[in-house]
Structures are given as structure tokens and as C-alpha cells.
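Secondary and tertiary structure notes
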Amino acid sequence: MSGDCIFCKIINREIPADIIFENDDVLAFRDLNPVASTHALIIPKKHIGTINDINPEDAELVGKLYLAAAEIAAVEGIAEQGYRVVMNCNKAAGQTVFHIHLHLLGGSEMGWPPWPAA
Ligand code: 5GP
Ligand code: ZN
């Protein structure tokens, strides 16, 4: 738990969220400002700020985020057609909430690469 972290507050039910998945280690909820018809955020219950803060002992926990992503994709009905899982790290990548989270995006065709050419 980190004092003023909004995702820790969602874990502790101090602020509401549309929670779609939970187990002992992981929570997932719908993004407040979705950019795809399915847009979920999958977070560890342990507060980790960025990818740069992941320690070797967190490796299994990070793997569990991906297991949750596949499970949610199946429930959302997008597993076969395909979906994207993204974790932004720090400012240049657009990270705005400093509690690591996978974005699970699906329900429409997505281009690749996702950014305009330089
Ligand atoms: P980032 O930009 O850090 O990769 O992603 C943060 C995501 O969190 C954004 O897509 C944003 O819409 C979402 N978000 C920010 N605050 C809240 C909130 O209070 N509730 C929910 N459900 N999503 C949030
Ligand atoms: Zn947190």
C-alpha cells in the first residue's frame, strides 16, 4: 500500500471501480477512459511503482498479471480474435499512474506499430 496511490485505494475499496477479476494477488477493473471496447487494467495487489521497480522476487507475481489477462480475455470473448496487453513505463511511454498495470485492450482491429512513424 502506498498512501496516495489511486490503484492502492481501489484495491482497498476506498474509491470505486468496475472490478471484473480478483484473486489473492491480482485485481482487474475497467479503465475509466476506455480506448477500446474492452479496456481493463490488471494490477498486482502489492504496490510496485514502475517496471523499473520490479524485483526478482516479483517475477511470479508479474506472471500472474498475464494469467489474469488471458482469463479476462476469455470471459470478455476476445481471446480468439486477439487482444493487446501493454504496460507503460515512465513519462515518455505515457505512464500516468505509478502502480504497475497491464492494459488489456481488445474488441476491435488494432494497428501495429501503435505509434506514428517518426
Ligand atoms: P497509464 O497512462 O499509467 O499507462 O494508464 C493509467 C490508466 O488508468 C489510464 O488509462 C486511465 O484512464 C486510468 N485511470 C486513471 N485513474 C483511474 C481511476 O480512478 N479509475 C479507473 N478505473 N481508471 C483510472
Ligand atoms: Zn499503489
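Rules and cut-offs
- Residues numbered from 1 in each chain as written.
- Chains lettered and ligands numbered in written order.
- Predicted model: local features only at pLDDT ≥ 70, side-chain atom pairs only at ≥ 80, totals over all residues.
- Heavy atoms only, no water.
- Phe/Tyr/Trp six-rings, centres within 6.5 Å; stacked < 30°, edge-to-face > 60°.
- Helix = DSSP H or I, 4+ residues; strand = E, 2+ residues; numbered from the N terminus.
- Near = heavy atom within 4 Å.
- Polar contact = N/O pair within 3.5 Å; in protein donor to acceptor, adjacent residues only side chain to side chain.
- Areas by Shrake-Rupley, 256 points an atom, 1.4 Å probe, with all protein chains shown as cover.
- 1 Å grid on protein atoms, 1.4 Å probe; cavity = no way out; pocket = protein on both sides within 12 Å on 5 of 7 lines; lining within 4 Å.
- Sits in = over half its atoms within 2 Å of the grid points.
- Points joined across faces, edges and corners; volume = space filled by probe spheres on them.
- Nonpolar A, V, L, I, M, F, W, Y, C, P; charged D, E, K, R; others polar.
- Pairing = 2+ DSSP bridges.
- Donors = N, O, S within 2.8 Å, 3.2 Å for Na, K, Ca; no water.
- Tetrahedral: all angles 85-135°; square planar, octahedral: opposite > 155°, others 65-115°.
- Buried < 20%, exposed > 50% of the residue type's maximum accessible area, 1.4 Å probe, protein only.
- Salt bridge = Lys/Arg side-chain N within 4 Å of Asp/Glu carboxyl O.

The chain has the name Diadenosine tetraphosphate hydrolase-like protein in an unreviewed UniProt entry, where Solemya velum gill symbiont is given as its organism.

1. Quick notes on the packing of aromatic side chains
Enumeration according to the criterion identifies one aromatic pair in this entry. Taking the centre distance of 5.3 Å and the plane angle of 75 degrees together, the rings of Phe7 and Phe29 count as edge-to-face. Separated by 22 residues along the polypeptide, Phe7 in helix H1 (residues 6-11) and Phe29 in strand E2 (residues 26-30) bring together distant segments of the chain.

2. A word on the site of ligand 1
Around ligand 1, the structure places 16 residues, and the nearest of them are Asp31, Asn88, Gly94, Thr96 and His103. Residue Thr96 places a main-chain N or O atom 2.7 Å away from an oxygen atom belonging to ligand 1. Note that an oxygen atom of ligand 1 is positioned 3.0 Å from one of the side-chain N or O atoms of His101. Contact with the protein chains covers 83% of the free accessible surface of ligand 1, which is 520 Å². Judged by its atoms lying within 2 Å of the grid points, ligand 1 is housed in the largest pocket. Within the residue set of the shell around ligand 1, elements represented by two or more residues are H1 and E2. In terms of residue count, H1 provides more of the shell around ligand 1 than any other element does, three residues in total.

3. Considering the layout of surface pockets
Roughly 400 Å³ of volume is contained in the largest pocket. What lines the largest pocket is a set of 22 residues, among which Phe7, Asp31, Leu32, Leu41 and Val97 lie closest to the centre. Of all the secondary-structure elements, those providing two or more residues to the lining of the largest pocket are H1, E2 and strand E3 (38-44). The residue makeup of the lining of the largest pocket, split by class, is eleven nonpolar, eight polar and three charged.

4. A few points about the pairing of strand E1 (residues 19-22)
Sheet analysis places E1 next to E2, joined by three bridges and oriented antiparallel. By the bridge assignment, Phe21 is partnered in E2 with Ala28. Connecting E1 to the antiparallel partner E2 that follows it, the hairpin turn spans three residues.

5. As for the coordination of the zinc ion (ligand 2)
Looking at the zinc ion (ligand 2), the protein donor atoms are Cys5 (SG), Cys8 (SG), His47 (ND1) and His99 (ND1), and they sit 2.1 to 2.3 Å from it. Geometry at the zinc ion (ligand 2) is tetrahedral, judged from its four donor atoms and the angles of 104 to 117 degrees they form at the metal. Looking at Cys5, the relative accessible area reads 7%, which means it is buried.

6. Re the pattern of salt bridges
Under the defined criterion, the tally for this structure stands at six salt bridges. The closest approach of N and O atoms between Lys64 and Asp25, which form a salt bridge, is 2.9 Å. A residue pair is termed long-range when its members are at least 10 positions apart, and Lys64 in helix H2 (residues 59-76) and Asp25 in the loop between E1 and E2 qualify at 39 residues. Among the residues examined, Lys64 registers a relative accessible area of 27% and is labelled partly exposed. Judged by relative accessible area, Asp25 falls into the partly exposed class, the value being 28%. Through salt bridges with shared partners, a single network forms among Arg13, Glu22 and Lys45.

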